[in-house]
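Now for the letters of each chain:
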Amino acid sequence: MDSTSETTTLVLRAREEQGIRRRGEPVTIGVPLPRGRVREGRELLLTDGEGNLCPLQTAIVDRWSGGTARWAHLDFTVDVEAGTEVEMRLHTTGPPDSGVGAPGTLRLDETERGWFVDTGAAQFTIDRREFLPFQSVRSGGLELLEPARSRWSAIDADGDRWIPRVRGAALEVEGPLRSTILLTGVFGRERSRGRERPLLDFAARLSFFAGSGSCRATITVRNPRRAKHAGGHWHLGDEGSILLEDLSLEFGCRRAPVVSWSTRPNAPLAEAPDGGVEIYQDSSGGENWRSRIHLDRTGSIPVSFCGYRLRTGGVQRTGRRATPRIAVHDGNAGVSASMRHFWQNFPKAMEARDGVLTVRLFPRQFGGLHEIQGGEQKTHDLVLTFGEAATAPEPDAHRAPLLFRLDPDWCEASGAIPYLTARHRDRNGLYLRLVDQAIEGPDAFESKREEADEYGWRNFGETWADHEARYWEGEGTFISHANNQYDVVYGALVQFLRSGDPRWFRIHEELARHVIDIDIYHTHEDRAAYNQGLFWHTAHYIDGDTSTHRTYPKGSVGGGPDDEHNYTTGLMHYWFLTADPLGREAAIGCARWVIDADDGARTVFRWIDRGRTGLASKTRELHYHGPGRGAGNSINALLNGWRLTEDETYLEKCHEILRRTIHPEDDLEARRLLDAEERWSYTVHLQSLGRFLDDAAEAARADELYAYARAALLHYARWMAEHERPILDAADALEYPNETWAAQDVRKSDVFKFAALHSEGEERERFLERGEFFFRHSLETLDGFDTKSYTRPVSILMHYGIMQSWFDHHPDDARTPPPPVETFGDPVEFVPQRSRAVKKLKVLTGAIGALVIAGIVAGRVLLR
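Model, not experiment: these values are computed from the prediction.

A.B. asks: Whenever I open this one, the overall build of the protein chain confuses me. Can you help?
C.D. replies: From N to C terminus, the protein chain includes 19 helices and 29 strands. Projected onto its principal axes, the C-alpha coordinates of the protein chain cover approximately 90 × 85 × 55 Å. Buried positions account for 62% of the 864 residues belonging to the protein chain. In the protein chain, 72% of the contacts between residues at least 6 apart in sequence involve partners at least 24 apart. Summed over its atoms, the accessible surface of the protein chain is roughly 32900 Å², and 48% of this surface lies on carbon and sulfur atoms. Side chains of the protein chain carry 107 positive and 129 negative charges; the gap between the two charge centres is 5 Å.

Quick look at the structure:
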């Protein structure tokens, strides 16, 4: 199949692999849409495998420049038998108002105190001032909760109890099939001691579904304090951390003589013989469950045993990995709870006794205190089910939700993901084989996760940096985390959309959630250059010890969040694909970080100089503001911020950094671009420049800056065509001439293809030839290394190199020509705020000194 540009139907497929019969399972998914096809969500129709129209809720979340939809979020429900495949079809040819809405079973009314939600299966009352999380839940005419015995609370290291106090409430999503209420606030001491700082911040998203007695609760707890990071090193035990003994939700149940449980999604519920059960996951249950990755602030590994324990009826049993569900009921109706990724996010506990169902997010059973670092947060996904459904088999599906796969041909034809081609059309077998090392074979990312035991609430989703362990001679697991060295979140998404392979989606989703919670510095109390920024990967070849995911352990140079690894494209697309608002918030926050970090009015030098700091455009050294990964990633992040918000502030800042760091008449010999150790990442900048030109062309903004950026790209590409060589050709100049350098050369291939889009004739052919050369040479050289499966080179290829297949199928692709521009002026060297301030201080100090000397001389004259 060569193209699906005229296809008007997107096929969505999901395979039931858990052995669960699913009925009315709610599905939320994002889909890309071709330009010009759909303007409003009501133009979309959904049918099942037999052609029957199905209820559909839609939201347009991204638009092409002409105003038509580029990404849409869909909500629907699905029935599927255990072990079978279900197929749904989305049609983009429906006339306005021809869609089928929900059958009117989800009603939401705002009251003076909060909201009343009627799903048709249950009725929920939510208080905007007090988080229990429900004031009342009724189903089948029965009241199911006892508010007096329901609470959410935290116990600190001193044994004091803290309770949530709601400070903000909003209806985030309202629709006929799904509505979401967002509650935000803080944990205050239960017995107030006057004015004192709250313990934690929280955000709780409560989602309700038509015809369902279930509520999906996505709960985030955050320590908003800054870390002290003495010496630029970030370790557990920092003064900014808080320590918890326990953080739990308790639900008092009215109809609760019976307790039932299961430890996996497809297992039937078993009745607790004495009316009580405890399921506690202490460690991952893997072979390396006592990995050094779990070191705590004391240097100890606090996990006590392998896997989980289950206590009921006076008997204790153990197992490896639990994904439990517990129901409290009277045989007909009641309340049940389950948690997605329970064992992966250990320690976790669920228990029920005496009519109280408890979900422990940070359980008291753990062998040590739970430390939440300054600026760190954690999000948990719970499903609470009420009424007769609490003991029915269907709620088991929430622990392992269906994953719908999008047709790769549709994704390619939509054009919403730049340069994406369906995998089955990719002719580059070596590229596919090298990329697939992430999901297949003994060195797949999942296998590496098991080897290092990258589990636990702080680690789950992370990718282990096995390449950094190459020179490790110590005992136990080498601690090094790879996630933000490149945009693996985006790379996994690209591979998922071009193949439909669910293994790629798991990498994408789990890593995105990890990055959002753990790798972003969630505080406003530190320096502007750090607040809300992204931490890097662990410092090269240094054991992370107790620095967790914060880059700089003792023995490293020290530092903090920085522009050189500020990756947001994966987070933006995570929002597009999953409808998780945390992805959108994170991508916008990291774009805002670029603006704030460059704001001289936020630094200690502001009394001397309030100009730009340069912290959003430097690469490697503060004084270098030419093409490099720092400026390149800032440009990319700002483009994403602009796309998500349509706020021109982000685009204006993007223009500023672009002009600051590159010019069509740069002296390229002076740039020393062939010094790979210092300047290899200029290709990152040029890739971002290519993306800028693509976005500008799509937005019909072929203006003077478009001409400027295009001329700069071609200036560098012409030099590259004459001078660039494979990096390993000069291996003697490298400190570590390894497999990663081979993979990095694929960036040069992409740069030449971007340049070809803006060229014609012999020059275009020259660029395409160079692009082809570096693509082939990069892959063939990497394939010759026995370390080709290391995380770092595979991560690079996941994201880059897909342009080759695109050009194989679109050899004549070209971009909008620029307007005529007489001159771009002369290059101007940017001087960062610190250098300007130091210079002014020297002048000021000299002037003061001169005045003092003059005063002394004058005094002596007078004394005479």
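Following the structure, the description resumes.
A.B. asks: What am I meant to see in the packing of helix H12 (residues 682-698) against helix H15 (residues 746-756) here?
C.D. replies: Each pair of packed helices gets described by two things: the angle between the helix axes and the distance between those axes. The N-to-C vectors of H12 and H15 enclose an angle of 35 degrees; their axes lie 9 Å apart at closest approach. Where H12 crosses over H15, the two elements pack in a sense that is left-handed. On H15, the residues touching Thr683, Val684, Leu686, Gln687, Gly690, Arg691 and Asp694 of H12 are Arg747, Lys748, Asp750, Val751 and Phe754. Considered class by class, the residues forming the contact of H12 with H15 number 4 nonpolar, 3 polar and 5 charged.

A.B. asks: Could you clarify how one ought to interpret unusual backbone geometry in this entry?
C.D. replies: Leaving glycine out, the prevailing phi sign among residues is negative, and the prevailing peptide bond configuration is trans. The amide bond that connects Leu132 to the next residue, Pro133, takes the cis arrangement and shows omega of 10 degrees. Structurally, the position occupied by Pro133 is in the loop between strand E9 (123-127) and strand E10 (136-139). Across the junction of Phe346 and Pro347, the peptide omega takes the value -5 degrees, indicating a cis bond. With respect to the helices and strands, the residue Pro347 is situated in the loop between strand E24 (334-339) and strand E25 (348-353). Phi at His229 takes a positive value of approximately 35 degrees, unusual for a residue other than glycine. Take His229: it is sitting in the loop between strand E16 (214-222) and strand E17 (242-252). Exposure remark for His229: the relative accessible area of 5% places this residue in the buried category. Look at Arg620: it is not a glycine, yet its phi comes out positive at around 70 degrees. Summarising the element assignment, Arg620 is placed in the loop between helix H7 (581-597) and helix H8 (629-645).

A.B. asks: What exactly am I supposed to notice about the sheet that holds strand E29 (residues 405-406) here?
C.D. replies: Adjacent strands of a sheet pair through backbone hydrogen bonds, lying either parallel or antiparallel. Reading across from one edge, E3-E6-E1-E29 is the order of the 4 strands in this open sheet, with antiparallel pairing throughout. Whereas interior strands pair on both sides, the edge strands pair on one side only; in this sheet they are strand E3 (45-47) and E29. Summarising the sheet, strand E1 (residues 9-15) and E29 pair through 2 bridges and their orientation is antiparallel. Looking at E29, one finds that Arg13 is bridged to Arg405.

A.B. asks: Quick question: what am I supposed to make of the packing of helix H4 (residues 488-499) against helix H5 (residues 502-519) here?
C.D. replies: It is at 8 Å that the axes of H4 and H5 come closest, and there the two elements cross at 155 degrees. Put simply, H4 runs roughly antiparallel to H5. Of the two possible hands of crossing, H4 and H5 adopt the one that is left-handed. Contacts from Val488, Val489, Ala492, Leu493, Gln495, Phe496 and Ser499 in H4 reach Pro502, Trp504, Phe505, Ile507, His508, Leu511, Ala512 and Val515 in H5. Considering only residue class, the contact of H4 with H5 consists of 12 nonpolar, 3 polar and no charged.

A.B. asks: How do you make sense of empty space enclosed by the protein when you look at a structure like this?
C.D. replies: Picture a little ball the size of a water molecule; that probe, rolled over the atoms, points out where space is still empty. For the structure shown, the criterion picks out 7 cavities of 30 Å³ or more. A volume near 350 Å³ is recorded for the largest cavity. Along the walls of the largest cavity sit 23 residues, with His294, Leu295, Phe366, Trp457 and Arg458 positioned nearest its centre. Here the residues of the lining of the largest cavity sort into 11 nonpolar, 8 polar and 4 charged. Taken as a whole, the second largest cavity encloses approximately 180 Å³ of empty space. Considering the residues around the second largest cavity, the lining is formed by 13 residues, among which His341, Asn345, Thr379, Asp381 and Arg513 are closest to the centre.

A.B. asks: Just to check I follow, could you spell out the side chain of Asp543 for this structure?
C.D. replies: Examined against the element boundaries, Asp543 turns out to sit in the loop between H5 and helix H6 (569-578). Among the polar contacts made by the side chain of Asp543, one reaches the side chain of Arg292 at a distance of 2.9 Å. Looking at Asp543, its side chain comes within polar contact range of the main-chain nitrogen of Asp545, at 3.1 Å. Not counting residues within four places of it along the chain, the set of residues in contact with Asp543 comprises Arg292, Trp472, Thr477, Phe478, Ile479 and Pro553.

A.B. asks: What's the story with the pairing of strand E7 (residues 107-110) in this structure? I'm lost.
C.D. replies: As a general feature of sheets, a regular strand has side chains that alternate between the two faces. Strand direction decides the pairing type here: E7 and strand E8 (residues 114-118), joined by 4 bridges, are antiparallel. Paired with Asp109 across the strands is Phe116, a residue of E8. Hairpin connection of E7 to E8: 3 residues between the antiparallel strands.

A.B. asks: Help me understand the pairing of strand E26 (residues 356-362), please; the structure alone is not making it clear to me.
C.D. replies: Counting buried residues in E26 gives 7 out of 7 residues, a clear majority hidden from the surface. Sheet topology places E25 next to E26; 5 bridges connect them, and they run antiparallel. In the strand pairing of E26, Arg353 is matched with Val356. Counting the residues that bridge the hairpin from E25 to E26 gives 2 residues, and of these Asp354 lies at a positive phi of roughly 55 degrees.

A.B. asks: Please explain helix H16 (residues 761-783) as it appears in this structure.
C.D. replies: Along an α-helix, residues three or four positions apart point the same way, because every turn accommodates 3.6 residues. Given a rise of 1.5 Å per residue, 23 residues ought to cover 33 Å, and the 33 Å separating the end C-alpha atoms of H16 matches this to within 8%. For H16, the full list of buried residues reads Arg764, Phe767, Arg770, Gly771, Phe774, Phe775, Ser778, Leu779 and Leu782. Looking at the packing, one finds that the buried side of H16 touches helix H2 (429-435), helix H13 (704-723), helix H14 (739-744), H15, helix H17 (791-799) and helix H18 (802-809).

A.B. asks: How do you make sense of a nonpolar patch on the surface when you look at a structure like this?
C.D. replies: Residues Trp607, Ile608, Leu841, Leu844 and Ile848 make up a contiguous nonpolar surface patch of about 520 Å² in total accessible area. Relative to the elements of secondary structure, Ile608 occurs in the loop between H7 and H8. With a relative accessible area of 33%, Ile608 lands in the partly exposed category.

What counts and how
Residues numbered from 1 in each chain as written. Predicted model: local features only at pLDDT ≥ 70, side-chain atom pairs only at ≥ 80, totals over all residues. Heavy atoms only, no water. Helix = DSSP H or I, 4+ residues; strand = E, 2+ residues; numbered from the N terminus. Buried < 20%, exposed > 50% of the residue type's maximum accessible area, 1.4 Å probe, protein only. Contact = heavy atoms within 4.5 Å. Areas by Shrake-Rupley, 256 points an atom, 1.4 Å probe, with all protein chains shown as cover. Lys, Arg positive; Asp, Glu negative; His and termini not counted. Charge placed at Lys NZ, Arg CZ, Asp CG, Glu CD. Axes fitted to C-alpha atoms, helices over the stretch in contact; angles between N-to-C directions. Left-handed = near helix turned anticlockwise from the far one by under 90°. Nonpolar A, V, L, I, M, F, W, Y, C, P; charged D, E, K, R; others polar. Pairing = 2+ DSSP bridges. Parallel < 35°, antiparallel > 145°, perpendicular 65-115°, else oblique. 1 Å grid on protein atoms, 1.4 Å probe; cavity = no way out; pocket = protein on both sides within 12 Å on 5 of 7 lines; lining within 4 Å. Points joined across faces, edges and corners; volume = space filled by probe spheres on them. Polar contact = N/O pair within 3.5 Å; in protein donor to acceptor, adjacent residues only side chain to side chain. Expected span 1.5 Å × (residues − 1). Patch = residues over 30% accessible without salt bridge, like charges linked within 9 Å, V, L, I, M, F, W, Y side chains within 5 Å. Salt bridge = Lys/Arg side-chain N within 4 Å of Asp/Glu carboxyl O.

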